[in-house]
Amino acid sequence: MSRQEQKAQTRERILDAAGRSFRRSGFGGVGVDGLAKAAGVTSGAFYVHFGSKQEAFKAAVAHGLADLDAGVRYFQQTFAGEWWERFVRFYLTDKRRCELGESCSLQSLAPEVARAGEEDRAVFEAGLHVVAQTVVEGPASPAKPQDREAALAALAMLVGAVSLGRAMATEAAAHQVASAVARVLLEGRELDA
């Protein structure tokens, strides 16, 4: 493996670890030393790839939204005409129940981005619009949003349902929220228990 390939792999490892750390602990909940440790590198190696924690956060936001876009594309390619329902059900169950570090960046990083600077918000906004466009351009699927506004509304509902569900004291209450959103997004179809 060449030095350039090693450097690219290390950067990707730091970026993945930073994304998990920011999703789990928030921007203020982890420092450069913690980010480096999570990636299995030294703080010095971290600085070779990112000039600051802020730079790593911005890159993690962009990376997280690119991962979401890739996930939507995966559902489109794998499930064709059923992709929208499969994606909604996955988001409202698996992404609601997973460990916060493995959650969706759209849901877990939005509050952090809201407190961040203009550049970070611009990166988030651009990534969100890419995801919405991917939804709109996806294969025909029952109840799939047909325009960007509908896609943004659907994504907001998914994020809201997951955020509220994570805050509920009981799984029954969390499931109730997720089921209500599923009924709206899937035109009356229920979310399985």
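Residues numbered from 1 in each chain as written. Predicted model: local features only at pLDDT ≥ 70, side-chain atom pairs only at ≥ 80, totals over all residues. Heavy atoms only, no water.

Things to note about helix α5 (residues 83-97)
- For α5, which comprises 15 residues, the first-to-last C-alpha distance of 20 Å matches the rise-based estimate of 21 Å (1.5 Å per residue) to within 8%.
- Along α5, the sharpest kink reaches roughly 30°, centred on Y91.
- Taken as a whole, α5 has its buried residues at W83, W84, F87, V88, R89, Y91, L92, T93 and R96. (Helix = DSSP H or I, 4+ residues; strand = E, 2+ residues; numbered from the N terminus. Expected span 1.5 Å × (residues − 1). Bend = angle between axes of the 7 residues up to and from the residue. Buried < 20%, exposed > 50% of the residue type's maximum accessible area, 1.4 Å probe, protein only.)

Considering the environment of R73
- Within the secondary structure layout, R73 lies in helix α4 (residues 53-79).
- Distance from R73 to A182, taken between C-alpha atoms, is 20 Å for residues 109 residues apart in sequence.

Describing the nonpolar core
- Core analysis: the largest hydrophobic core is formed by 53 residues, its most contacted members being L68, F87, Y91, L92 and L106.
- Of all the secondary structure elements, the ones that give two or more residues to this core are α1 (3-25), α2 (32-39), α4, α5, α8 (118-137), α9 (148-167) and α10 (171-185).
- The greatest single-element share of this core, amounting to nine residues, is contributed by α4.
- Look past the residues within four positions of L106 in its chain and what remains in contact with it is L65, L68, Y91, F124, L128, L155 and V159. (Core = buried A, V, L, I, M, F, W, Y, C linked by side-chain atoms within 4.5 Å. Contact = heavy atoms within 4.5 Å.)

Some thoughts on the environment of R23
- When you line up the elements, R23 lands in helix α1.
- Along the sequence, R23 and S105 sit 82 residues apart, while their C-alpha atoms lie 6.7 Å from each other.
- Not counting residues within four places of it along the chain, the set of residues in contact with R23 comprises L100, G101, E102, S103, C104, S105, S108 and L109.
- A distance of 2.8 Å separates a polar side-chain atom of R23 from the backbone oxygen of G101. (Polar contact = N/O pair within 3.5 Å; in protein donor to acceptor, adjacent residues only side chain to side chain.)

Focus on the UniProt feature "DNA-binding region" (unreviewed entry) in the protein
- UniProt annotation of "DNA-binding region" (unreviewed entry) refers to residues 31-50 when read in the numbering used here.
- Summarising residues 31-50: 75% helix, 0% strand, and an end-to-end C-alpha distance of 13 Å. (UniProt positions renumbered as here; feature names shortened; annotations may be inferred.)

Observations regarding the UniProt feature "domain: HTH tetR-type" (unreviewed entry) in the protein
- As annotated by UniProt and renumbered to match this structure, "domain: HTH tetR-type" (unreviewed entry) occupies residues 8-68.
- Structurally, residues 8-68 is divided into 80% helix and 0% strand, and its ends, taken at the C-alpha atoms, are 21 Å apart.

Considering the side chain of Q107
- The topology assignment puts Q107 in helix α6 (residues 105-108).
- Given a relative accessible area of 7%, Q107 falls into the buried group.
- Once you skip the residues sitting within four places of it in the chain, Q107 turns out to touch Y91, L100, V159, V162, S163 and R166.

Describing the confidence of the model for the protein
- On average, residues of the protein score 95 in pLDDT, and 99% of them reach the 70 mark or higher.
- Averaged pLDDT values for the elements of the protein fall to 92 in α6 and rise to 98 in α8. (pLDDT = per-residue confidence, 0-100.)

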